[in-house]
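Residue-level structural notes
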Amino acid sequence: MTVMTKPNTNDARAVLAAPSLSPVTIAKPDLISVEQAKAMDVARMTDLFKAHLNPGQLHFMKLLGFHKIKIESAEGMYYVDQNGRRILDFFGGFGSLALGHNHPRIIEARKKFQDEKRQEIAIAFMSQYAAALAHNLAQISPGDLDMVFLGSSGSEAMEAAIKIAERAAGPKRSKVVYAENSFHGKTKGVLAITDGQLYRGEFKLVDNTVRVPFGDIDAIERAFKSDPEIGVIILETIQGGGGIVQAPAEFWQKLRALCDKHGVIWVADEVQCGVGRSGRFYAFEHYGVVPDVTAVAKSLGGGKSAMAAMIAKRDIYMKAYGTPKTAMIHAAATFGGIGEASITAIETLNVLYDEGLIENAAVTGDYLLERLQALQAKYPKIIKDVRGKGFMVGLEFHDFSQTLPMVLRPVVSVLDDKLKGSLSGFVGALLLRDYDVLVAFTEYNRNVIRLLPPLICQREHVDKLVDSMDDLLSRGIVSIVKDFVKSQMK
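Please read all numbers here as calculations on a predicted model, not as lab measurements.

What counts as what
Residues numbered from 1 in each chain as written. Predicted model: local features only at pLDDT ≥ 70, side-chain atom pairs only at ≥ 80, totals over all residues. Heavy atoms only, no water. Phe/Tyr/Trp six-rings, centres within 6.5 Å; stacked < 30°, edge-to-face > 60°. Helix = DSSP H or I, 4+ residues; strand = E, 2+ residues; numbered from the N terminus. Buried < 20%, exposed > 50% of the residue type's maximum accessible area, 1.4 Å probe, protein only. Polar contact = N/O pair within 3.5 Å; in protein donor to acceptor, adjacent residues only side chain to side chain. Contact = heavy atoms within 4.5 Å. Pairing = 2+ DSSP bridges.

Summed over all chains, the structure comprises eleven aromatic pairs. Each ring, one from Phe-113 and one from Tyr-129, has its centre 5.5 Å from the other, and the planes form 70°; the classification is edge-to-face. Taken as a pair, Phe-113 in helix 5 (residues 104–115) and Tyr-129 in helix 6 (residues 128–140) lie far apart in primary sequence, 16 residues in all. Exposure class is identical for Phe-113 and Tyr-129. Each is buried. On the basis of an interplanar angle of 20° and a centroid distance of 6.1 Å, the ring pair of Trp-252 and Tyr-287 is categorised as stacked. Placement of the pair is Trp-252 in helix 11 (residues 249–262) and Tyr-287 in the loop between strand 10 (265–269) and strand 11 (293–296), with a sequence separation of 35 residues. The two residues Trp-252 and Tyr-287 agree in class, both being buried.

A few words on the side chain of Gln-272. Mapped onto the secondary structure, Gln-272 falls in the loop between strand 10 and strand 11. Side chain to side chain, Gln-272 and Arg-450 meet in a polar contact 3.1 Å long. Residues within four places of Gln-272 in sequence aside, it is in contact with Phe-94, Gly-240, Arg-277, Lys-298, Met-392, Arg-450 and Leu-452.

The subject of this paragraph is the pairing of strand 1 (residues 71–75). Taken together, the four bridges between strand 1 and strand 2 (residues 78–81) define a ladder with antiparallel strand orientation. Bridging from a neighbouring strand, Ile-71 pairs with Asp-81 of strand 2. Hairpin geometry of strand 1 and strand 2 is characterised by an intervening segment of two residues between the two adjacent antiparallel strands and by a positive phi of about 60° at Gly-76.

Interpretation in functional terms is not warranted from these geometric data alone.
As structure tokens, this is what we get:
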């Protein structure tokens, strides 16, 4: 406890004067303006990134040559850099650019919203925009998926999904099954079901989880039978970070039956593979099944806003939050369903259907797979596998030693684990440097190049990618390595 005493006026020590209550001028710090940020050169960007953002990440950007590029604008399938170079985007913001960059209908809808000064944050009132978006998602979603929670990121949507499922399952069935090589987000709750030690770090995570191999229905059945405390299973319909990994149709059908039999709630993570990327709005629709809870994000924001949604069956929602007493346990956060983000998502969903982009993902996605499979047949000692669905495709290289001349393999094979991901990195870096094509990578299987182009991608874009890769691989692995090393020395 602090005791306040009256100052002794006879004390010879100096007494601090009370602060002035009159207004004072606050000096403006040395801030960068929007126009100055726009004009910033690569050297200054690098200095600020290293000083204030992530110096470790800069190391990897330098390895790939990505640190030399300043993006000035983007439209459709292309970025434009500081030199006016057009870069074909098969990275797609890890699947967040279904409509491509700066789709004109999205820009128009957002500009109109701003020009009319419509409400952005209206937490105290109902939002017509959030309500309309929730309706649209319910209309799109199959079965009884019709209760919606709106958030800003895939991690937030998955946090909402795991919480609603755990509450609906009840305190006696609080254990959650997840899969090897899963990725569900980086926030602390979903880290417990994200199977990556890199992301888990040394954080103290919840321990009510059970890990099983992805796509192994027998392992899941054994877990359900042996542990009556299991109430939830959470799986990506297509594993993205795991290297574009799918399970067969019969797995999902058996999973649905198994969950029904044991009363386990199935959560389908569609954050990356949803919103049309697989050639259906939800990837699970390919298998004729409906989960109890699902989540989408990334492309839902139309490439212009951060938007995510959890969609649950009404009975699940009501078990978790169906009374006035429980309704606010997991209500929307401050920016959940704010105006401009909601209207952006509303327009995104309409564009998807109006422009036939889901069908295009299926048809042109098949063409992408066909061309890559032909490339694999041409370079079988370099390309190990091609797999995927729609515009979610993985191209896996052999371990580095297996791509080299026979005489070098025994020597290099002992380094394969340390060199894992090097060939995909070399190819990705040279595709960007020499062919103006940007591709992505995967978290767990580093030998995989991940292709997540916008759903507006056409056959000519596929041809550009595959022809570029063909020309690059025709150099041979030794030349590719030499070319990459030379690029690092510049």
